[in-house]
Amino acid sequence: MGDFNSVLNSQDRQHGTIIHDMETKDFREFMNDIGMNELSNMGRDYTWTNNHTYSMIDMGIVNTNWMMTMPNLYIQILEPSFSDHSPLKLMISQIQRKKASLFKFFNCLVDHPHFIPEVEQAWSTTGDTGNLQGVWNKLKRVKQVIKGLNTQQYKGVDGRIKRSQKGTTGSAIENWL
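Residues numbered from 1 in each chain as written. Predicted model: local features only at pLDDT ≥ 70, side-chain atom pairs only at ≥ 80, totals over all residues. Heavy atoms only, no water.

1. Section: the packing of helix α3 (residues 115-123) against helix α4 (residues 132-154)
Piece 1. Look at α3 against α4: their axes get within 8 Å of each other, and the N-to-C directions meet at 150°. Considered as vectors, α3 and α4 are oriented roughly antiparallel to each other. Between α3 and α4 the crossing geometry is right-handed. Judged by residue contacts, Phe 115, Glu 118, Val 119, Ala 122 and Trp 123 of α3 engage Val 135, Lys 138, Leu 139, Arg 141, Val 142, Val 145, Ile 146 and Leu 149 from α4.
Piece 2. Considering only residue class, the contact of α3 with α4 consists of 10 nonpolar, no polar and three charged. (Axes fitted to C-alpha atoms, helices over the stretch in contact; angles between N-to-C directions. Helix = DSSP H or I, 4+ residues; strand = E, 2+ residues; numbered from the N terminus. Parallel < 35°, antiparallel > 145°, perpendicular 65-115°, else oblique. Left-handed = near helix turned anticlockwise from the far one by under 90°. Contact = heavy atoms within 4.5 Å. Nonpolar A, V, L, I, M, F, W, Y, C, P; charged D, E, K, R; others polar.)

Put into structure tokens, the structure is as follows:
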């Protein structure tokens, strides 16, 4: 991060002299030669001003390895306080990924009377080609059927087991006393 005193793009200056390609060419070539990229930013549109011209001359740059390792980096451009430059703050955001629920197959499902007919129906649905994509589609349908059957028949079974254990334990203690 720093003050590079040069702009990368023609829209990086407002109310000053017009930015020509020659003005950005050297800095762009330098960035390409050393394999550096400008980090995305948020906040103010410009990092330096003399109260007439506004320019984006301060920035954070990183190489490709950093971008691949830390894809959630960005620069926050803060309001200037005592300088004509805006302070830059490196931000590392956390992406909240939805955790995929694991597919668990419980052997007790096989004993359910609807298990075999529903799995056979899901597997034998026509319209699939004979390639790997067709097998993937069949497996996906079978998974949906098994998950649905599990949800219908066994949802909350662990809670029911705990409640019945508490009831049994409580009556056993009462009988013992």
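Still to come is the rest of the account.
2. Some points on the layout of surface pockets
If a probe the size of a water molecule is rolled over the atoms, the empty space left behind becomes visible.
Piece 1. In this structure, the largest pocket spans a volume of roughly 270 Å³.
Piece 2. In terms of lining residues, the largest pocket is bounded by 13 residues, among which Leu 102, Lys 104, Phe 106, Asn 150 and Thr 151 are the most central.
Piece 3. Among the secondary structure elements, those contributing two or more residues to the lining of the largest pocket are α4 and α5 (157-176).
Piece 4. By residue number, the principal contributor to the lining of the largest pocket is α4, which donates four residues.
Piece 5. Looking at side-chain class alone, the lining of the largest pocket contains five nonpolar, four polar and four charged residues. (1 Å grid on protein atoms, 1.4 Å probe; cavity = no way out; pocket = protein on both sides within 12 Å on 5 of 7 lines; lining within 4 Å. Points joined across faces, edges and corners; volume = space filled by probe spheres on them.)

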